[in-house]
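A structural walkthrough
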Amino acid sequence: MNILDKLERKFGRYAIHNLSRYLIFLYVIGAVLNLVSGGTIYNNVLALNPYMILHGQIWRLFTFLIATPTDNLIFLILVLLCYYNICAELEYYWGDFRFNLYILVGALGTIIGSFVLYFFYRVPYIDMDTYYLNLSIFLAYMTCFPEQTFYFMGIIPIKAKWLGVIDGIYLLYAFISGDMASRVSIVVSMMNFLLFFFGTRNFHKYTPKEVKRRRSYIKEVKTSSVGARHRCHVCGRTELDDPNLEFRYCSKCDGNFEYCQDHLYTHTHIKKD
């Protein structure tokens, strides 16, 4: 059992369900504030500013998360729609806990990076936000689903794996040409990506080959007449969703309630009154 499995068994019950929806909601709030104030409210009150945080403005540790990927309203709507679909699919495939952890580690890394820069240079880099964390989420999706097709401008089909290559080239260019804040943000986001994929012994579960195999299996099963025999009482997943899922009945619950391996030890036991 790797460290992620151990953490999930211990803290999985605290994971935020449908976190992707809350992230989109935060970006909508940020977009509204930008429209109302032209970005002055965010920069003056909400941005990640170590100097102001050390002088009592603790809320900045959280409010920097509302920074929008772009100020163009039309482009922002398109980006958020794409971002939500990507996050929702990763959240479904990884599970709530792992998706929560990926976002949390990236956000904490950004905060730590901003304080390290401040202590070294005594300059608050308020432009450190979730921009590169979002790019690492795109890169994670493209790693898990390399054959997924996107349509550039709604017309030109592009495989996710090629978008991943473009993403990687852009991150390398931004690291070389950017300022220190950009470099630290990129390093933090990539460390998050690398630690998640290569720092666990079950990385094979998320490799492109394994993802393709699972999707093919699910597609074949769903087209057959055989129904699901097992269903998790918490997340609703069945063996049709993932052939590697294991299901068990909980002996501590009052009744025949079945759970997948991700929720067998983290669910709230059901007791009759």
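Just above, that's the structure.
Given the structure is predicted, the values throughout are model-derived calculations rather than measurements.

A count of helices and strands for the protein chain gives 11 helices and four strands. Here the protein chain holds 273 residues, and 44% of them are scored as buried. Within the protein chain, contacts between residues at least 6 apart in sequence are counted, and of these 62% link residues at least 24 apart. Of the roughly 15800 Å² that the protein chain leaves accessible, carbon and sulfur atoms contribute 65%.

Further remarks concern the packing of helix 7 (residues 96–121) against helix 8 (residues 131–144). Any two packed helices are characterised by the angle at which their axes cross and by the distance between the axes. Where helix 7 meets helix 8, the closest approach of the two axes is 10 Å, and the angle between their N-to-C directions is 145 degrees. Crossing angle aside, the handedness with which helix 7 passes helix 8 is right-handed. Counting all contacts with helix 7, which are made through Tyr102, Ile103, Gly106 and Ala107, the residues of helix 8 involved are Leu133, Ser136, Ile137 and Ala140. Its residues assigned to classes, the contact of helix 7 with helix 8 shows six nonpolar, two polar and no charged.

Below, the discussion takes up the environment of isoleucine 158. Residue position: isoleucine 158 is located in strand 2 (residues 156–159). C-alpha separation for the pair isoleucine 158 and glutamate 147, spaced 11 residues apart in sequence, amounts to 9.1 Å.

As a further point, take unusual backbone geometry. The phi dihedral of asparagine 18 falls on the positive side, at around 60 degrees, and the residue is not glycine. Among the secondary structure elements, asparagine 18 is positioned in the loop between helix 1 (3–11) and helix 2 (19–37).

Turning our eyes to something else, we now look at the state of the cysteines. As used in these notes, a disulfide is a covalent bond between sulfur atoms, one from each of two cysteines. Using the criterion set out here, one finds zero disulfides in the structure. Sulfur of cysteine 87: no disulfide; nearest cysteine sulfur belongs to cysteine 82 and is 9.3 Å away. We note that cysteine 235 lacks a disulfide partner, and the nearest cysteine sulfur, in cysteine 232, lies 3.6 Å from it.

Let's shift gears to empty space enclosed by the protein. Evaluation of the coordinates by the stated rule reveals one cavity of 30 Å³ or more. Approximately 40 Å³ is the volume found for the largest cavity. Forming the walls of the largest cavity are Gly106, Thr110, Asp129, Tyr132, Leu133, Ser185, Val188 and Ser189. Of all the secondary structure elements, the ones that give two or more residues to the lining of the largest cavity are helix 7, helix 8 and helix 10 (180–198). Looking at which element gives the most residues to the lining of the largest cavity, the answer is helix 10, with three residues. Looking at the lining of the largest cavity residue by residue, the class counts come to three nonpolar, four polar and one charged.

Next up on the list: the side chain of threonine 130. Summarising the element assignment, threonine 130 is placed in the loop between helix 7 and helix 8. Classification of threonine 130 as buried rests on a relative accessible area of 3%. At 3.2 Å, the side chain of threonine 130 and the side chain of tyrosine 27 are in polar contact. Excluding residues within four positions of it along the chain, threonine 130 makes contact with Tyr27, Phe64, Leu65 and Ala67.

The next point concerns the packing of aromatic side chains. Tallied over the full model, the rule gives eight aromatic pairs. For the pair tyrosine 118 and phenylalanine 119, a centre-to-centre distance of 5.8 Å together with 55 degrees between the ring planes defines the contact as tilted. With relative accessibility at 48%, the residue phenylalanine 119 sits in the partly exposed group. Ring centres of tyrosine 141 and phenylalanine 145 lie 4.9 Å apart, and the angle between their planes is 45 degrees; this geometry places the pair in the tilted category. Of the residues examined, phenylalanine 145 reaches a relative accessible area of 4% and is grouped as buried.

Here we take up the nonpolar core. Counting residues in hydrophobic clusters, the biggest one holds 31 residues, and the most contacted among them are Tyr83, Ile86, Leu90, Trp94, Phe99, Tyr102 and Ile137. Secondary structure elements with two or more residues in this core: helix 2, helix 6 (73–94), helix 7, helix 8 and helix 10. Here this core takes eight residues from helix 6, the largest share from any one element. Ignoring sequence-local partners within four residues, the contact set of leucine 90 consists of Gly95, Phe99, Ile137, Ala140, Tyr141, Cys144 and Phe145.

With that settled, consider the layout of surface pockets. A volume near 580 Å³ is recorded for the second largest pocket. Along the walls of the second largest pocket sit 26 residues, with Ile16, Leu19, Asn100, Ile103 and Leu104 positioned nearest its centre. The biggest single contributor to the lining of the second largest pocket is helix 7, with eight residues. Each residue belonging to the lining of the second largest pocket can be placed in one class, and the counts come to 23 nonpolar, three polar and no charged.

The rules behind these values
Residues numbered from 1 in each chain as written. Predicted model: local features only at pLDDT ≥ 70, side-chain atom pairs only at ≥ 80, totals over all residues. Heavy atoms only, no water. Helix = DSSP H or I, 4+ residues; strand = E, 2+ residues; numbered from the N terminus. Buried < 20%, exposed > 50% of the residue type's maximum accessible area, 1.4 Å probe, protein only. Contact = heavy atoms within 4.5 Å. Areas by Shrake-Rupley, 256 points an atom, 1.4 Å probe, with all protein chains shown as cover. Axes fitted to C-alpha atoms, helices over the stretch in contact; angles between N-to-C directions. Left-handed = near helix turned anticlockwise from the far one by under 90°. Nonpolar A, V, L, I, M, F, W, Y, C, P; charged D, E, K, R; others polar. Disulfide = S-S within 2.5 Å. 1 Å grid on protein atoms, 1.4 Å probe; cavity = no way out; pocket = protein on both sides within 12 Å on 5 of 7 lines; lining within 4 Å. Points joined across faces, edges and corners; volume = space filled by probe spheres on them. Polar contact = N/O pair within 3.5 Å; in protein donor to acceptor, adjacent residues only side chain to side chain. Phe/Tyr/Trp six-rings, centres within 6.5 Å; stacked < 30°, edge-to-face > 60°. Core = buried A, V, L, I, M, F, W, Y, C linked by side-chain atoms within 4.5 Å.

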